[in-house]
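Structural overview for review
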Amino acid sequence: MSTNSINPKYVFITGGVVSSLGKGIIASSLGLLLKGRGYKVTIQKLDPYLNVDPGTMSPYQHGEVFVTEDGAETDLDLGHYERFTGSNLFKINNVTAGQIYLSVINKERKGEYLGGTVQMVPHVSNQIKTKIFEAAYTTESEIVIVEVGGTVGDIESLIFLESIRQIRKDVGWNNVAYLHVTLIPNLKATNELKTKPTQHSVEILRGRGINPDILVCRAEKPVSKQIREKLSLFSDVALDSVIECRDVKSIYEVPLNLEEQGLTKRLLTRLQLEERPLNIDSWKLVVEKIKNPTQKVKIAIVGKYTKLNDAYISVIESLRHASATQEAEIEVKWVLSEDIEEYNRKNLSLEEAFEDVKGILVPGGFGDRGVEGKIRAIQYARENKIPFFGLCLGMQCAVIEFARNVAGLSGANSTEFANDTPHPVIDFLPGQSDNTDKGGTMRLGSYPCELEDNTISLKAYKTKTINERHRHRYEFNNLFGNKLKEAGLIVAGRSPDGKLVEIIEMPKEKHPFFIATQFHPEYKSRPDKVHPLFLAFIKSCLKG
Ligand code: GLN
């Protein structure tokens, strides 16, 4: 399709009243409902913070960093977008204010503004609009859903609102719709839903020149017709475009609820697009399974950001997808890796921490805090034959544990944690980047991996070549390959040139399930296309 044969439509999603309203889930739901009608859709997130990407932020600040096929470190909402729409996203799908200002200032330094005074409008706003149009054209989408991060009224998001306002003028009224997600709080004292905060947030939006076409109202309880009429009157939004979005058990139900209220129909009419029948049968099936589990499966996640579930959101969702296929509900037991270190110091058995779990998962991470606790947890899983799944740092810790306790390489470590280790089984490999900057300098994005014959991994994937996403600096050190192999460790997957170890596992005879990957499989699991390794892990946990 050439760029001028499509005339993309834009749906801009803003948020009002409070943050964390689940705009990302609403954008994702809309993506699913439009794609399910055969439209080519992409979703873009505009983040108003000044970091160039979230890669340099602590997970406690920002939650998980989601990595795309092309190696962009992005907002966790992109994970939801991919999981709901089933389509891969790219660097262009996440734009931050940091990226925008950086490119404007770089252009200024190069003299590209030809002596002009560089201003928020039009220079910064134009740069933002260019990125939005680029998302439409590079992905050849018919509909581009653009979520503006933050809440209307924030200082940071002003220029983004100005840019999306201008786009309606640029591309025409029929090609742009504004959807405002808002909160209708329930006042405990009177048990009443209150519309005033929404009235005010719509007022702010209108003050920026944006009249919302659709209101999506988050509420704890049903939003009555009377309340919707009031919202409609004060916000100048048609009554049937005031849509309720009530709290539900599973985020995967949200699209079904929005569809029931005619959200997509309203939007398509507004954009002058044909309605088309909806086909999301496989999605509905997953929702049914998630809503009606027949058993529970409790998995320990041993990490260091355990106080914020968002830090491991793709891991949790992947476990949920896999469990749903077995009609099981996932129950996560958060185990702080530093607590395990405390058990160790006091010479306590780890039984207390893990006696009630069916499997142990050690996810990715950075820095040495809590690493020894993870290594100890892996040792416990290995010795007690508890299904174990390690991801990225989880694999590196598994290699360290195996080296120290099985291969007899006492003091083995990663040079990330101990530069002077006598056995650097995980190391910064020659030929990898020697850039010491922190932003965007890791092995990032999708790389191929060849699986070895007669491995549990090959049995799970059922294909010899796989592609998985990475985000790490350190690698398995091949100098120790033979020694670890002799001790019984299996390298189940390598880069096609054989140089990089991507998967390790233990033989079935020795352990029911012990697999760890240098890549992050969690970025690719989808509710209706479960990741094979997560599935194999959960199946093994349920057997135990
Ligand atoms: N810190 C490790 C590395 O950089 C692991 C990274 C991760 O788990 N994502 O290699």
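In this report, the structure presented in the accompanying data block is examined. (Residues numbered from 1 in each chain as written. Predicted model: local features only at pLDDT ≥ 70, side-chain atom pairs only at ≥ 80, totals over all residues. Heavy atoms only, no water.)

As a further point, take the overall build of the protein chain. On a plain count of helices and strands, the protein chain comes out with 19 helices and 23 strands. Computed over its C-alpha atoms, the radius of gyration of the protein chain comes to 25 Å, within 12% of the 24 Å expected for a compact globule of 544 residues. In the protein chain, buried positions account for 56% of the 544 residues. Considering only residue pairs separated by 6 or more positions, the protein chain has 74% of its internal contacts joining residues 24 or more positions apart. Of the roughly 22800 Å² of accessible surface on the protein chain, 49% is carried by carbon and sulfur atoms. (Helix = DSSP H or I, 4+ residues; strand = E, 2+ residues; numbered from the N terminus. Rg over C-alpha atoms; globule rule 2.2 N^0.38 Å. Buried < 20%, exposed > 50% of the residue type's maximum accessible area, 1.4 Å probe, protein only. Contact = heavy atoms within 4.5 Å. Areas by Shrake-Rupley, 256 points an atom, 1.4 Å probe, with all protein chains shown as cover.)

Within the secondary structure, serine 414 sits in strand E16 (residues 413–414). In sequence terms serine 414 and valine 302 are 112 residues apart; their C-alpha atoms lie 18 Å from each other. Apart from the residues within four sequence positions on either side, serine 414 is in contact with Ile400, Ile426 and Tyr474. From its side chain, serine 414 meets the backbone nitrogen of glutamate 416 in a polar contact 3.0 Å long. (Polar contact = N/O pair within 3.5 Å; in protein donor to acceptor, adjacent residues only side chain to side chain.)

Right, let's talk about the sheet that holds strand E17 (residues 424–427) for a bit. Read across the open sheet, the 3 strands follow the order E16-E17-E20; overall the sheet is mixed. Of all the strands in the sheet, the pair left with one neighbour each is E16 and strand E20 (475–476). Pairing between E17 and E20: 2 bridges, direction antiparallel. Each bridged residue has a counterpart across the sheet, and for aspartate 427 the counterpart in E20 is glutamate 475. Where helix H16 (residues 393–405) meets the sheet, its contacts fall on E16, E17 and E20, and the angle it forms with E17 comes to roughly 170°. (Pairing = 2+ DSSP bridges. Axes fitted to C-alpha atoms, helices over the stretch in contact; angles between N-to-C directions.)

A separate point is the packing of aromatic side chains. Here a ring pair, both rings aromatic, is described through the centre-centre distance and the interplanar angle of the planes. Here the structure, examined in full by the defined rule, presents 17 aromatic pairs. When the ring of tyrosine 10 is compared with that of phenylalanine 133, the centres are 5.8 Å apart and the planes differ by 75°; the resulting orientation is edge-to-face. Residue tyrosine 10 is located in strand E1 (residues 9–15), and its partner phenylalanine 133 is located in helix H5 (residues 120–138); the two are separated by 123 residues in the primary sequence. Seen in terms of ring centroids, phenylalanine 12 and tyrosine 178 are 5.8 Å apart; in terms of plane orientation they differ by 25°. Their pairing is stacked. Linking phenylalanine 12 in strand E1 with tyrosine 178 in strand E7 (residues 176–183), this pair joins segments that are 166 residues apart in sequence. Its relative accessible area of 3% is what places tyrosine 178 among the buried residues. Ring pairing ties together the aromatic residues Tyr10, Phe12, Phe133 and Tyr178, which thus form one cluster. If you follow arginine 270 out to its NZ or CZ, it ends over the ring of tryptophan 173, 3.5 Å from the centre. Over the aromatic face of tyrosine 447 sits the side chain of arginine 443, whose NZ or CZ is 4.9 Å from the ring centroid. (Phe/Tyr/Trp six-rings, centres within 6.5 Å; stacked < 30°, edge-to-face > 60°. Lys NZ or Arg CZ within 6 Å of the ring centre and 35° of its normal.)

Proline 122 follows valine 121 through a cis peptide bond whose omega is 15°. Of note in the backbone geometry, lysine 385 takes a positive phi value of approximately 55° without being a glycine. Here lysine 385 lies in the loop between helix H15 (371–383) and strand E15 (388–391).

Our next topic: the pattern of salt bridges. When their charged atoms lie close together, side chains carrying opposite charge are able to pair. Summed over the entire model, instances satisfying the criterion amount to 36 salt bridges. Each member of the salt-bridge network shares a partner with another, and the members are Lys45, Asp47, Asp75, Asp77 and Glu147. (Salt bridge = Lys/Arg side-chain N within 4 Å of Asp/Glu carboxyl O.)

A word on the nonpolar core. Grouped together as the largest cluster of nonpolar side chains are 44 residues, with contacts concentrated most on Phe354, Ile360, Val425, Leu484 and Ile504. Among residues more than four places away in sequence, those in contact with isoleucine 504 are Met395, Ala398, Val399, Phe476, Leu489, Ile490, Ala492, Phe514, Ile515 and Ala516. Membership of the second largest hydrophobic core comes to 42 residues, among which are Tyr39, Ile214, Leu258 and Leu271. (Core = buried A, V, L, I, M, F, W, Y, C linked by side-chain atoms within 4.5 Å.)

Moving on: the pairing of strand E11 (residues 242–246). Where burial is concerned, most of E11 is hidden: 4 out of the 5 residues are buried. Relative to E11, strand E10 (residues 214–219) runs parallel, the two sharing 5 bridges. Directly across from alanine 219, in E11, lies its bridge partner arginine 246.

Moving on, we come to the site of the ligand. As a matter of local geometry, the ligand sits amid Gly364, Gly365, Phe366, Cys392, Leu393, Gln396, Glu416, Arg471, His472, Arg473, Tyr474 and His520. A distance of 3.1 Å is found between an oxygen atom of the ligand and a side-chain nitrogen or oxygen belonging to glutamine 396. Expressed as a share of its isolated accessible area of 300 Å², the protein-covered part of the ligand is 99%. Elements supplying a minimum of two residues to the shell around the ligand: H16 and strand E19 (465–472). A per-class count over the shell around the ligand returns 4 nonpolar, 5 polar and 3 charged. (Near = heavy atom within 4 Å. Nonpolar A, V, L, I, M, F, W, Y, C, P; charged D, E, K, R; others polar.)

A word on the sheet that holds E19. Reading across the sheet, the 9 strands line up as E13-E12-E14-E15-E23-E22-E21-E18-E19 and stay open at both edges, with mixed pairing between neighbours. The open sheet has two edge strands with one neighbour each: strand E13 (328–336) and E19. Geometrically, the sheet is characterised by an average inter-axis angle of 30° between neighbouring strands, direction not taken into account. Two elements, strand E18 (residues 443–451) and E19, share 8 bridges in a ladder whose sense is antiparallel. In the sheet register, glycine 445 faces E19, and the bridge partner there is histidine 470. Packed onto the sheet, helix H12 (residues 313–325) meets strand E12 (295–303), E13, strand E14 (359–362) and E15 and runs at close to 150° relative to E13. The sheet contacts of helix H13 (residues 337–345) involve E12 and E13, and relative to E13 the element is tilted by about 60°.

Once that is clear, we can look at the layout of surface pockets. The space that makes up the largest pocket amounts to roughly 1300 Å³. Lining the largest pocket are 50 residues, and of these Ser20, Gly22, Leu76, Asp77 and Asp310 sit closest to its centre. (1 Å grid on protein atoms, 1.4 Å probe; cavity = no way out; pocket = protein on both sides within 12 Å on 5 of 7 lines; lining within 4 Å. Points joined across faces, edges and corners; volume = space filled by probe spheres on them.)

Where E12 meets E13, 9 bridges bridge the pair, whose relative direction is parallel. Its bridge partner being in E13, valine 297 is matched across the sheet by isoleucine 330.

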